[in-house]
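Given next are the chains, with one letter for each unit.
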Amino acid sequence: ARERAQAHRVAAARRSSSRVVARATRQAQPDARDVAELALQNGACAIKPKYSPEVVRERATRGPGEVAKTAARCAKIVFNAARFAAGLALDEVSQNERVVSRSEQLRVQLAELGPSFVKAGQVLANRPDIVRSDYMEELCKLQDDVPAFDNAQAFKIMEDELGRPIDEVFSTISPSPIAAASLGQVYRATLRSTGEEVAIKVQRPGIEPIIYRDLLLFRTLAWFINGYSIKQLGCNAQLIVDEFGEKLLEELDYVQEGRNLQDFYDNFKNDPIVKIPKYYKELSGSKILTMEWIDGIRCTDPTGIVAAGIDVEEFIKVGVVSGLRQLLEFGLFHGDPHPGNIFAMRDGRIAYVDFGNVAQLTQTNKEVLVDAVVHAVNEDYDGMAGDFIRLGFLAPGTDVRPIVPALENIWQDARTASLANFNFRTVTSSFNKLVFQYPIRIPERFSLVIRSLLTQEGICMTLNPDFKFLEVAYPYVAKRLLTDRDVSLRERLMQVLFKQNKFQWRRLENLIGLARESGGDFDLTETAADGAGLLLTDSKLRQQLILAATEDDRLQVDEISRLLILLQKEVKLEKLINNAVSDGPNLARKLALSWSSKVLSD
């Protein structure tokens, strides 16, 4: 019944989404009762939202006692904000901008204010559309461990959730936490029944009411600055708080985190390069989460990785490819891959832990991302600006003409730079400058994408200072574009290979060369079979290839010869014949449909 009700709510949100977007553009203050715009931005995501402004307001003002606590919390926050503002004012008066000391002061004050503010600082550390780069660097330090809470409280929470004494479930358990974070801490234990080692994540006691109070105060502040936010940033400040609140409450929901963990486990089950811990649902609950213990080496410890006999370069490649697969293949990706959540296994695999902060891209999101890559390759900057609207970076109806030259400058620099001098951070730094010049807003899910890629690139550069992200990413993308039989990817491949209706011989050769560098099995037989079938059924494509082969009034013998030599090892003739025989009836049907359509049109 709950699932049916949820389906009805999602359907209603989709029906009303166009009205919500129109209403948000007309008024500075959005309707707090309708978060349909946020739901629309999230798309058809498997992660069901737990957040609503009404629930936050009700929980933070439930009775006189809660109102008093919320007021006291507000006073504490205002006092700390006044301290920080006074420091900035002093710098202004003295005409001495002390960025280093002020950014450090901000980080310390956020840590003192508790989990909500630590999480807010972590989010702001990856929001260049809101925070200056020098402050972002200091806020990144909030990812470090925080003081643990009392062990007796943690063990009491475990027993309450398990419904029995700890020693009945675990034969051994660490006397103190192995790690502590803003929302919880982790213990290591051994299961009495099987002898398996597990990690037990325990939520900080009393944290939920504090977070609800903070979210109410955040949203109230957002209401005050909403007019400025819409005018200067082109975004709704209250929706930014809603995005943050939704993700924060998801991290508090250990049942949802268990589902996330299970989804990751299913995606990478028996994978040769990725290890996801097993989820023990029967030993988990709303306040604790039990998973397989990962006995790995911290991913930023190159000495330990080498000592374990692991090839550092190969481990870097494994990490980049696994991250790209999460993003482009599964659409479900780890939103917080900092060094404490990634480990190197002694067999060379990469292991992930902590799945409270994950996000999912819809199929449409993934296709538009591929479109953006295709437009970048084809230097179609008008199309790229259109992709920004489709991805939510720009509001519908935005005049993209002033943005197109800026995008062209960024990608021209990227195109002319060699792989040895260009990486993902280069593009991000250039893009950050656009955020304050144009009405660009980074949607939360893509903020997580950027954060995830930047964090992984930073980890790789710790292991190898000369690491270049694109040297690993390009081969993977090229291989997937050439070998994936997904219809939408086949269409994007054709867009890459044809520019202004001319076949790009060199571009295809480069793609094949890059795909070979990705390693592993590289077989273009199915791609060749699909291409042959398309040639038989698509007269326009046949005409384009004939024109390409006879361009400039000569037969392109050299180009065709080079391509055939490249394909010799990658196309298995016997397999190609078998595919042609098995696909014969289907191909005949397509030919008949193509012929009949042509006859009817004539």
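The residue numbers shown here count from 1 along each chain, following its written sequence. Only residues with pLDDT of at least 70 get local features here, since the model is predicted, and only at 80 or more are side-chain atom pairs given and counted; chain-wide, interface and lining totals rely on the full set of residues. Heavy atoms from the whole structure form the basis of all side-chain values; hydrogens and water molecules are not counted.

Novice: I'd love a proper account of the overall build of the protein chain, names of residues and values included.
Specialist: The helix count covers DSSP runs of H or I at least four residues long, the strand count covers runs of E at least two residues long, and both are numbered beginning at the N terminus. Scanning the protein chain for helices and strands turns up 27 helices and 13 strands. Accessible area is worked out with a 1.4 Å probe on protein chains only. A residue is then buried under 20% of its type maximum, exposed over 50%, and partly exposed in between. Sorting the 602 residues of the protein chain into buried and exposed places 48% on the buried side. The accessible surface values rely on the Shrake-Rupley method and a 1.4 Å probe; as for residues, cover is taken only from the protein chains in view. As displayed, the protein chain offers around 30,100 Å² of accessible surface, 56% of which is attributable to carbon and sulfur atoms.

Novice: Tell me about the pattern of salt bridges, residues and numbers included.
Specialist: Definition used for salt bridges: Asp or Glu carboxyl oxygen within 4 Å of a side-chain nitrogen of Lys or Arg. Under the definition given, this model contains 20 salt bridges. Its salt-bridge partner being Asp91, residue Arg102 comes within 2.8 Å of it at the nearest N-O pair. With a gap of eleven residues between them, Arg102 in helix H5 (residues 99-113) and Asp91 in helix H4 (residues 63-94) connect regions that are remote in the sequence. By relative accessible area, Arg102 is classed as buried at 9%. Accessibility expressed as a relative area gives 7% for Asp91, which makes it buried. Arg401 serves as the salt-bridge partner of Asp399, at 3.0 Å between the closest nitrogen and oxygen.

Novice: Hey, could you go over the packing of helix H21 (residues 487-497) against helix H22 (residues 505-517) for me, with residue numbers and the actual values?
Specialist: Put simply, H21 and H22 touch, their axes get as near as 8 Å, and they point 130° apart. Classified by the interaxial angle, the pair formed by H21 and H22 is oblique. Taken together, the residues of H22 that come into contact with H21 (itself represented by Leu493, Val496 and Leu497) are Arg507, Leu508 and Leu511. Nonpolar residues are Ala, Val, Leu, Ile, Met, Phe, Trp, Tyr, Cys and Pro. Charged residues are Asp, Glu, Lys and Arg, and all others, Gly as well, are polar. In terms of residue class, the contact of H21 with H22 is built from five nonpolar, no polar and one charged. For helices, the fitted line uses only the C-alpha atoms of the stretch in contact; every axis is such a line through C-alpha atoms, and the angle between N-to-C directions lies from 0 to 180 degrees. Note on angle classes: values under 35 degrees are labelled roughly parallel, values over 145 roughly antiparallel, values of 65 to 115 roughly perpendicular, and the remainder oblique. Contact criterion: two residues are considered in contact whenever any of their non-hydrogen atoms come within 4.5 Å of each other.

Novice: I'd like to hear about the nonpolar core, residue by residue, with values.
Specialist: With 68 residues, the main nonpolar core has Ile276, Ile305, Phe315 and Phe446 as its most contacted residues. Joining through side-chain atoms within 4.5 Å is the link that ties buried Ala, Val, Leu, Ile, Met, Phe, Trp, Tyr and Cys residues into a set, and such a set is a nonpolar core. If you look at the next biggest cluster of nonpolar residues, it comprises 32 residues, including Ala120, Val131, Leu142 and Ala237.

Novice: Explain the confidence of the model for the protein chain residue by residue, including any values.
Specialist: Chain-level statistics for the protein chain give a pLDDT mean of 78 and a share of 74% at 70 or above. Taken as a whole, residues 7-48 scores under 50 in pLDDT and shows 58 contacts with residues more than four places along the chain or in a different chain. Here pLDDT means the predictor's own confidence in every residue, given as a number from 0 to 100.

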